[in-house]
Structures are given as structure tokens and as C-alpha cells.
Amino acid sequence: MIKVLVVEDEPVAADAHRVYVERMPGFTVAGVVHSGGDALRFCEREPVDLVLLDFYLPDTHGLAVCRSLRAAGLPIDVIAVTSARDLALVKAAVSVGVVQYLLKPFTFASLREKLERYAEFHGASGEVTGQAEIDRALGTLRATERQALPKGMSAQTLESITEVLASAADGLSAGAAATAIGASRVTARRYLEYLADNGLAQREPRYGQVGRPEVWYKPKTV
């Protein structure tokens, strides 16, 4: 079993990540902590194979946690689970040994894809016969993610809707989302409903002066 430590300061998100990992065959949750210091102390006293690491922690940055793990000589892999989108930060993450990078918000299917690829990489053993096998092993972690969206939905449109939603702290309607991405209201609503059904957005009725309440969608970090 691959032992996973979840490091996430938001309790609701931490619990969601724990549940996701527990749904994966071959993985077990070694523990859940909410700060960088607790993560390091846990790794020093308990066996851990993989850390799901949020970067924005209350006491330190996730990169500092990675550096401390390396300095301590702990053979632990890290998957960054964060909302950080700065490419400089992504490059820095690679330099300190982060093997996968998963942007919030995400669905279970997205995390499952990362964990499946990590399991394949982690389980490889023995001596390779040539460069091709090495490239194939490393490529396991870097291969393009397989899509697991409902028929008729595109990853590009979902990403556009997700970005618009993430920037709307007070929420937005399907009509506003449609205008922002240049799509129809029906299309925008379908993607917003998909995010809500997967726990990545929350629905909120907004009452006007007349008629039925309009459904607004607010970002929910998972």
C-alpha cells in the first residue's frame, strides 16, 4: 500500500482529499495535518511514501516543506495540490522534487489520474535495459491527463468556466459566466452544474423583485 499524508490547512478540503485517497485501491491515508511543521514532524516519526501538499500553509510555504524533507534525507515524494498558478512557482516545485502538480479546484477524476500514474511509477522496479525504458518510466508521471468528462463537454471550456468562477468571490449567474467566456447561457449553466455536482462550486438562490429566484454559483475550494 502507498502511504499518503494529506497536508491542507482548510479542514473541509483536507477531509475531501482524505476521502478521495481512501477511494483509491492501493493507497491508504497515513495521516492528515494542517501545517508545514506538523507535516515534517509526522514524516519524521511515521512511514510516508507520498505527500499531498497544499502550498499556502499557515506557518510556512509548501516549497519550504519540500526543501526540509530533502534536507532531512526523507525519501518521500510530493504531489502539489494548490491554487498557485505562477509558472515560476511550478518550476521551483520541480526543482525541489515535486513529482506532480494538481490545480485547485479539481474533481476526483483528476486526482485519480495523478495517483494512478504515480502508482505505476512508484511500483516500477528492477534494472532497465536501455534509455527507452527510463524515458517511459519518467513519462508515466508527465503524460497528458486522460479526460473523464461527460459526453459533449470539453476540458478547455471547463477550465474557462473554472477560472471565471474562481475570480468571482461573491458568485455569479450562468448568464454572467456565459458572457465572460463567450458561450450560451445553457452551456455555461451545464458546466457550472457539473462543478456544483462535483463539490467544486456551491449553488445559492438570489431573489429579485419579481419571479423565481435565480441560481448563483460561488467558488468552493476543494
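Structural notes, computed from the coordinates.

Quick notes on the rules
- Residues numbered from 1 in each chain as written.
- Predicted model: local features only at pLDDT ≥ 70, side-chain atom pairs only at ≥ 80, totals over all residues.
- Heavy atoms only, no water.
- Helix = DSSP H or I, 4+ residues; strand = E, 2+ residues; numbered from the N terminus.
- Expected span 1.5 Å × (residues − 1).
- Contact = heavy atoms within 4.5 Å.
- Core = buried A, V, L, I, M, F, W, Y, C linked by side-chain atoms within 4.5 Å.
- Buried < 20%, exposed > 50% of the residue type's maximum accessible area, 1.4 Å probe, protein only.

Right, let's talk about helix α1 (residues 11–22) for a bit. Look at α1: 16 Å from first C-alpha to last across twelve residues, which is about the 16 Å you get at 1.5 Å a residue. On its buried face, α1 is in contact with β1 (2–7), β2 (27–33), β3 (50–53), β4 (77–82) and α5 (108–123).

Residues Leu5, Val51, Leu53 and Phe55 are the most contacted members of the largest nonpolar core, which totals 26 residues. When residues of this core are traced back to their parent elements, those giving at least two are β1, α2 (36–45), β3, α3 (62–71), β4, α4 (87–95) and β5 (98–103). When residues no more than four places from it in sequence are discounted, the contact partners of Leu53 are Val7, Gly62, Val65, Cys66, Val78, Ile79, Ala80 and Val81. Judged by nonpolar contacts, the second largest core, of 19 residues, contains Leu165, Ala168, Ala178 and Tyr191.

Turning next to helix α9 (residues 185–197). Its 13 residues place the ends of α9 18 Å apart at the C-alpha level, agreeing with the 18 Å of an ideal helix rising 1.5 Å per residue. If you check which residues of α9 are buried, you get Ala188, Tyr191, Leu192, Glu193, Tyr194, Leu195 and Ala196. In this structure, the buried side of α9 is in contact with α7 (155–166), β6 (172–173), α8 (174–181), β7 (201–206) and β8 (214–219). Once α9 finishes, Gly199 follows within two positions and takes phi at roughly 75°, a positive value.

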